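Structural overview for review
The chain contents come next:
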Amino acid sequence: MFSTVLVALPAALICLFISSAPAHADLKLCNRMSYVVEAAIGVDYKAATATRGWFRIDPAACRVVAQGTLTAERILLNARALGVYGSSPIPQNGADMLCIAPDNFVIAAARQCRSGQSPAPFTQISPTATDDGNLVAYLAEDSEYDDEQARLAGIQRLLVIAGYDAAPIDGVDGPKTQAALAAFLKNRGLTPDIVQAPNFFAAMIDAVQSPSSTGLTWCNDTPHKIMAAVGTDDGKTVISRGWYRIDPGKCLHPDVTGQPRQIFSFAEAVDGENRALKFKDRPLNWGGATQLCTRESKFEINEQGDCGTRGLAITGFAAVDMSGGGKTLRFAMP
């Protein structure tokens, strides 16, 4: 008999299928989400807490995060989606605030953060004991994908971000998804056999984070993290959407679907707490004169009037010239 722990998300759920089995063998995390995720674990034992991360896990893949006998009174988990997906679709609401670091880390005293570390919410889990004696916890969305569906939905999601029409992201194969995948492979000079290769998601992410000859591409040439938003006008409705995270030295294609008559862009450099940065006392951002509605958290807004009275911010977007079929905007230091 086992129960389920849910961490509520706007677009997805982390669903941890658990039992009361003690931790006594390898601990494995399995990803049934349509996102490539990075996970960190925490271990409580005799009033001491340690954390370790990040473990990158592709859709439909599993990864051992602790080998051998794991002595623990409590096991905790934090998970995040890669920056390529924009503002993380996996916000956390766990009760334990434990220390993490931006890159791979092992922190022995994880309740007292030091320089270069920051607190993050962790959720307690009790993984299921499998027939081989190991322990496993599943990360899943509210769509409740099986492994095959999660992998296909993960491919669909990256195709859409790369500018190919593979929507809806539902984990269901069909001519539309296959046509988008074939076009992606051809345009990137990849052979069909790479789809079954272990590094396929890494190859897709590299492609998404590289400039493209079609659609809109943002490239971050600054040493700072950049958060960006896009606006589209199809002649009837103007939609603003954000935020997309662009790491230093990386590029990103926002998911612009359909055939909009006009595309708008806004981007700003932020610090580790997502606070807007200034350079020589001026905001370090890239925008323009077209005023669209935004808000601090992830958003998609299809009504651009009365932003302020609706509790939204008014942000100046720049019109993007897409007459050449593709446009790369490079954000650099002044």
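Before any of the text, the structure's been laid out above.
Residues numbered from 1 in each chain as written. Predicted model: local features only at pLDDT ≥ 70, side-chain atom pairs only at ≥ 80, totals over all residues. Heavy atoms only, no water.

Here the structure, examined in full by the defined rule, presents one cavity of 30 Å³ or more. The space that makes up the largest cavity amounts to roughly 40 Å³. Lining the largest cavity are G83, V84, Q209, R245, I246, D247, K250, C251 and L252. When contributions to the lining of the largest cavity are tallied by element, the ones reaching two or more residues are β15 (238–246) and β16 (251–252). (1 Å grid on protein atoms, 1.4 Å probe; cavity = no way out; pocket = protein on both sides within 12 Å on 5 of 7 lines; lining within 4 Å. Points joined across faces, edges and corners; volume = space filled by probe spheres on them. Helix = DSSP H or I, 4+ residues; strand = E, 2+ residues; numbered from the N terminus.)

Ranked by internal contacts, the top residues of the largest apolar core, which has 63 residues, are L29, Y85, L158, L159 and W218. If one sorts the elements of this core by residue count, helix α3 (residues 200–208) sits on top with seven residues. Counting residues in hydrophobic clusters, the runner-up holds 13 residues, among them W243, F264, F266 and F317. (Core = buried A, V, L, I, M, F, W, Y, C linked by side-chain atoms within 4.5 Å. Buried < 20%, exposed > 50% of the residue type's maximum accessible area, 1.4 Å probe, protein only.)

So, on to the side chain of D58. Tracing the chain through its elements places D58 in the loop between β5 (48–57) and β6 (62–66). Buried charge without a salt bridge: D58, with R56 as the nearest opposite-charge side chain at an N-O distance of 4.2 Å. Each residue touching D58, except ones within four places of it in the same chain, is listed here: N31, V36, P198 and F201. (Lys, Arg positive; Asp, Glu negative; His and termini not counted. Salt bridge = Lys/Arg side-chain N within 4 Å of Asp/Glu carboxyl O. Contact = heavy atoms within 4.5 Å.)

Bringing the packing of helix α1 (residues 147–161) against helix α2 (residues 175–187) into the picture now. Axis separation between α1 and α2 bottoms out at 10 Å; the angle between their running directions is 60°. Looking at the two axes, α1 sits oblique to α2. In this structure, α1 crosses over α2, and the sense of that crossing is left-handed. For the pair α1 and α2, the contacting residues are L152, I155, Q156 and L159 in the first and T177, A180, L181 and F184 in the second. Looking at the contact of α1 with α2, its residues break down into six nonpolar, two polar and no charged. (Axes fitted to C-alpha atoms, helices over the stretch in contact; angles between N-to-C directions. Parallel < 35°, antiparallel > 145°, perpendicular 65-115°, else oblique. Left-handed = near helix turned anticlockwise from the far one by under 90°. Nonpolar A, V, L, I, M, F, W, Y, C, P; charged D, E, K, R; others polar.)

A few words now on the sheet that holds β5. Taken in spatial order, the six strands line up as β8-β10-β7-β4-β5-β9 in an open sheet, and their pairing is antiparallel. Of all the strands in the sheet, the pair left with one neighbour each is β8 (96–100) and β9 (105–107). Across the sheet, the mean angle from the axis of one strand to that of its neighbour is 35°, orientation sign disregarded. Pairing of strand β4 (residues 37–45) with strand β7 (residues 74–81) involves eight bridges; the strand directions are antiparallel. Along β7, the bridge assignment pairs G42 with L76. (Pairing = 2+ DSSP bridges.)

Let us look at the sheet that holds strand β11 (residues 128–129). An order of β6-β3-β12-β11 is seen for the four strands of this open sheet, with the pairing classed as mixed. Only two strands of the sheet have a single neighbouring strand rather than two, namely β6 and β11. Bridge count for strand β3 (residues 27–32) against strand β12 (residues 135–140) is six bridges, and the pairing is parallel. The partner of K28 across the bridge, within β12, is V136.

We now examine unusual backbone geometry. The step from G53 to W54 runs through a cis peptide bond, and the omega angle for that step is 0°. Position of W54 relative to the elements: it lies in strand β5. In this model, A60 sits at a positive phi of 70°, which is unusual for a non-glycine residue. Structurally, the position occupied by A60 is in the loop between β5 and β6. Overall, A60 belongs to the partly exposed group, its relative accessible area being 27%. For D281, which is not glycine, the phi torsion reads 65° and is therefore positive.

Tallying each qualifying case throughout the model produces eleven salt bridges. A salt bridge links R74 to D44; the shortest N-O distance between them is 2.6 Å. You can see R74 sitting in strand β7 and its partner D44 sitting in strand β4, a full 30 residues away along the chain. With relative accessibility at 23%, the residue R74 sits in the partly exposed group.

Covalently bonding the sulfur atom of one cysteine to the sulfur atom of another cysteine gives a disulfide. Summed over the entire model, instances satisfying the criterion amount to four disulfides. With its sulfur 2.0 Å from that of its partner, C219 forms a disulfide with C251. When the S-S torsion is 105°, as for the bridge of C219 with C251, the disulfide is right-handed. Remark: C251 occurs in strand β16 and C219 occurs in strand β13 (residues 215–220); sequence separation between them is 32 residues. Note on cysteine connectivity: C293 is disulfide-linked to C307, with sulfurs 1.8 Å apart. The disulfide joining C293 to C307 has a torsion of about -80° about its S-S bond and is therefore left-handed. One end of the pair, C293, is in strand β21 (residues 290–294); the other, C307, is in the loop between β22 (299–301) and β23 (313–320), and 14 residues separate them in sequence. With relative accessibility at 6%, the residue C307 sits in the buried group. The connectivity of the disulfides in the chain is 1-2, 3-4, 5-6, 7-8, where the numbers refer to bonded cysteines in sequence order. (Disulfide = S-S within 2.5 Å.)

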